[in-house]
Amino acid sequence: MNKTTRTVPRYDMMFSDGKFNATLLIGPDPFGAFYDYSVFQGARLKLKKNGFELTGHKVGMDTFETVFNYNGDNIRARIRLVHGRSYSGDLQELWRESLAYEDMVYLKSHAGYGKHLSLSDDVSCFTDAMKEGFSHPDRKPYQLYYLDCCKSEMYYRDLFWEYVGYEGVDLILHQWFCNYIIIGPVVVLLRELMAGSDFETIVAEMNDEYGVPHVDVEDDPEDLKQDRKMVTYCVG
């Protein structure tokens, strides 16, 4: 697939219709772990502290809204925070819908050492949606994805673009093994997007929020530098 040349994000396209819609999908954890519920609760608190109002609730999903100003225009933001383990609807359908209609998609998951995204016992339903769902006639012309899982830059950057195409897709990824319970960077991302920050500022603020990546036993010795950062932003 040919890669087009673009050096900056296209937030003007993301906010062009006066709306900004995002889905934040948390977990579920594999192998009987239950970190995802505490992460979901932490995200709820941080969204509220950053001015988002809880406007809707059903089992496994909260909806938050706010209004912000971007280049002189009022933009209405709607954020769906989804707890994958307890979501009462069809999680596969929600994922397919998000891939087509959302301006931003955030995925808090486990990387499966590059073999899959650990969203459920049947991960193929999610990867198949990525492979097949991007020919949707109403798909957004510009989307931002944040894959919050271990070493997502190494495991999924090229693979993801092969699924979705380079045109109109930017990726925020992790460079190292990460701490699953850290949720703050995605809320910082939302805050900086609404403030109109450029992606260099966004990355810096997200890395400040994340802190210093921990040392994992599987890190290569040459990677154990003291100034390493977790978050990287890849322009399509």
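Details of the structure are given in the entry above.
Computed from a predicted model, the values in this text were never measured in an experiment. (Residues numbered from 1 in each chain as written. Predicted model: local features only at pLDDT ≥ 70, side-chain atom pairs only at ≥ 80, totals over all residues. Heavy atoms only, no water.)

A tally of regular secondary structure across the protein gives seven helices and eight strands. Look at the contacts in the protein between residues 6 or more apart in sequence, and 73% of them connect residues 24 or more apart. Counting every atom, the protein has about 11000 Å² of accessible surface; 49% of that belongs to carbon and sulfur. (Helix = DSSP H or I, 4+ residues; strand = E, 2+ residues; numbered from the N terminus. Contact = heavy atoms within 4.5 Å. Areas by Shrake-Rupley, 256 points an atom, 1.4 Å probe, with all protein chains shown as cover.)

Two numbers describe a pair of aromatic rings. These are the distance of the centres and the angle of the planes. All chains considered together, the criterion is met by six aromatic pairs. Ring pairing ties together the aromatic residues Phe15, Phe20, Phe68 and Tyr70, which thus form one cluster. One residue, lysine 108, lies across the ring of tyrosine 180, its end atom 5.2 Å from the ring centre. The lysine or arginine in question, arginine 228, covers the ring of tryptophan 176, its NZ or CZ lying 4.5 Å from the ring centre. (Phe/Tyr/Trp six-rings, centres within 6.5 Å; stacked < 30°, edge-to-face > 60°. Lys NZ or Arg CZ within 6 Å of the ring centre and 35° of its normal.)

Moving on: helix H3 (residues 91-101). Of the residues making up H3, those classed as buried are Leu91, Leu94, Trp95, Ser98, Leu99 and Ala100. For H3, the N-terminal cap is aspartate 90; the gap from its side-chain oxygen to the backbone nitrogen of glutamate 93 is 3.0 Å. (Buried < 20%, exposed > 50% of the residue type's maximum accessible area, 1.4 Å probe, protein only. Polar contact = N/O pair within 3.5 Å; in protein donor to acceptor, adjacent residues only side chain to side chain.)

Helix length check: helix H7 (residues 199-210), at 12 residues, gives a terminal C-alpha distance of 16 Å against a target of 16 Å (1.5 Å per residue), a fit within 8%. Of the residues flanking the end of H7, it is glycine 211, one or two places downstream, whose phi is positive at about 90°. (Expected span 1.5 Å × (residues − 1).)

Time to look at unusual backbone geometry. For asparagine 71, which is not a glycine, the phi torsion comes out positive at approximately 55°. Considering the arrangement of structural elements, one finds asparagine 71 in the loop between strand S3 (61-70) and strand S4 (73-83). Exposure remark for asparagine 71: the relative accessible area of 67% places this residue in the exposed category. You will see that lysine 151, though not glycine, has its phi angle at about 50°, which is positive. With respect to the element layout, lysine 151 can be found in the loop between strand S6 (143-148) and helix H5 (152-164).

Applying the stated criterion across every chain, the model contains 12 salt bridges. We note a salt bridge from lysine 46 to glutamate 209, for which the minimum N-O separation is 3.9 Å. Remark: glutamate 209 occurs in helix H7 and lysine 46 occurs in helix H2 (residues 35-49); sequence separation between them is 163 residues. On the basis of relative accessibility, which here comes to 30%, the residue lysine 46 falls in the partly exposed class. By relative accessible area, glutamate 209 is classed as partly exposed at 35%. (Salt bridge = Lys/Arg side-chain N within 4 Å of Asp/Glu carboxyl O.)

Going through the model one piece at a time under the given rule, you end up with zero disulfides. Cysteine cysteine 150 is unpaired, with the sulfur of cysteine 178 as its nearest cysteine sulfur at 3.8 Å. (Disulfide = S-S within 2.5 Å.)

If you trace the eight strands from one edge of the open sheet to the other, you get S2-S3-S4-S1-S5-S6-S7-S8, paired in mixed fashion. The sheet terminates laterally at strand S2 (53-58) and strand S8 (231-234), the two strands that pair on one side only. Direction aside, the axes of adjacent strands within the sheet are offset by 15° on average. Sheet strands touched by H7: S6, strand S7 (169-174) and S8. Its angle to S8, the strand with the most contacts, is close to 160°. (Pairing = 2+ DSSP bridges. Axes fitted to C-alpha atoms, helices over the stretch in contact; angles between N-to-C directions.)

Relative orientation and spacing of two packed helices are given, respectively, by the angle between their axes and the distance between those axes. Axis separation between helix H6 (residues 184-195) and H7 bottoms out at 9 Å; the angle between their running directions is 150°. Classified by the interaxial angle, the pair formed by H6 and H7 is roughly antiparallel. For H6 against H7, the interelement crossing comes out right-handed. Across from Gly184, Pro185, Val188, Leu189, Arg191, Glu192 and Leu193 in H6, the residues of H7 making contact are Thr201, Ile202, Glu205, Met206, Glu209 and Tyr210. Class assignment for the residues of the contact of H6 with H7 results in seven nonpolar, two polar and four charged. (Parallel < 35°, antiparallel > 145°, perpendicular 65-115°, else oblique. Left-handed = near helix turned anticlockwise from the far one by under 90°. Nonpolar A, V, L, I, M, F, W, Y, C, P; charged D, E, K, R; others polar.)

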